[in-house]
Amino acid sequence: MGAVLSAVASALSAVASYYKFVFPVREMRSIQREIHEYEDEIHILGNRGTPADKLRIEVVARRKRDAEEQLRTLRSAYPDPDKG
């Protein structure tokens with residue numbers, strides 16, 4: 001019985017570590033990739049310059065700002081583990 005409890009405790013500790021360290025980093029990287037994709041799309045649309053493309057730029061720019069805010073929020077919730 002003690003071995004089972006020890007295994008469960010170890011599993012819970014591993015899950016907690018994942019959500020404390022690995023998950024935030026993966027989420028931040030995913031949002032950063034998303035922001036880069038928005039920037040690329042804005043550049044492509046800007047080069048074409050049609051009225052429809054200009055409207056699309058506004059939509060994409062708004063989504064980019066939302067992603068940047070989400071990234072700032074995530075970074076403030078999960079401080080860098082290397083700093084302390």
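The structure displayed is predicted, hence computed values, not measured ones.

**Q** It is not clear to me how the nonpolar core should be interpreted in this structure. Could you clarify?
**A** Side chains that are nonpolar tend, in soluble globular proteins, to be buried together. Core analysis: the largest hydrophobic core is formed by nine residues, namely Met 28, Ile 31, Ile 35, Tyr 38, Leu 45, Val 60, Ala 67, Leu 71 and Leu 74. Of all the secondary structure elements, the ones that give two or more residues to this core are α1 (2–48) and α2 (51–77). Ranked by the residues each element gives to this core, the list is headed by α1, at five residues. Those residues in contact with Leu 71, other than ones at most four positions away along the chain, are Met 28, Ile 31, Gln 32 and Ile 35.

**Q** Whenever I open this one, the packing of α1 against α2 confuses me. Can you help?
**A** Relative orientation of the contacting elements α1 and α2 amounts to 160°, with a least axis distance of 9 Å. Considering the angle they form, α1 stands roughly antiparallel to α2. Crossing angle aside, the handedness with which α1 passes α2 is left-handed.

**Q** Would you mind going over α1 with me for this structure?
**A** Every α-helix winds through 3.6 residues per turn, so residues three or four apart in the chain are directed the same way. Compared with the 69 Å implied by 1.5 Å per residue over 47 residues, the 67 Å span of α1 between its first and last C-alpha is a close match. Taken as a whole, α1 carries its principal kink of about 40° at Tyr 19. Looking at the buried residues of α1, the elements they touch are α2. At the exit of α1 stands Gly 49, carrying a positive phi of roughly 70°.

**Q** What's the story with the packing of aromatic side chains in this structure? I'm lost.
**A** Aromatic ring pairs are reported here in terms of the distance separating the ring centres and the angle at which the planes meet. Inspection of every chain in the model, using the stated rule, returns three aromatic pairs. Note on Tyr 18 and Phe 23: the rings are 6.4 Å apart at their centroids and 50° apart in plane angle, and the pair reads as tilted. Residue class for Phe 23 comes out partly exposed when judged on its relative accessible area of 27%. Ring centres of Tyr 19 and Phe 23 lie 5.5 Å apart, and the angle between their planes is 55°; this geometry places the pair in the tilted category. Placement of both Tyr 19 and Phe 23 in helix α1 is noted, with a separation of four residues, approximately one turn of the helix.

Basis of the calculations
Residues numbered from 1 in each chain as written. Predicted model: local features only at pLDDT ≥ 70, side-chain atom pairs only at ≥ 80, totals over all residues. Heavy atoms only, no water. Core = buried A, V, L, I, M, F, W, Y, C linked by side-chain atoms within 4.5 Å. Buried < 20%, exposed > 50% of the residue type's maximum accessible area, 1.4 Å probe, protein only. Helix = DSSP H or I, 4+ residues; strand = E, 2+ residues; numbered from the N terminus. Contact = heavy atoms within 4.5 Å. Axes fitted to C-alpha atoms, helices over the stretch in contact; angles between N-to-C directions. Parallel < 35°, antiparallel > 145°, perpendicular 65-115°, else oblique. Left-handed = near helix turned anticlockwise from the far one by under 90°. Expected span 1.5 Å × (residues − 1). Bend = angle between axes of the 7 residues up to and from the residue. Phe/Tyr/Trp six-rings, centres within 6.5 Å; stacked < 30°, edge-to-face > 60°.

Distances and angles like these do not, on their own, reveal function.
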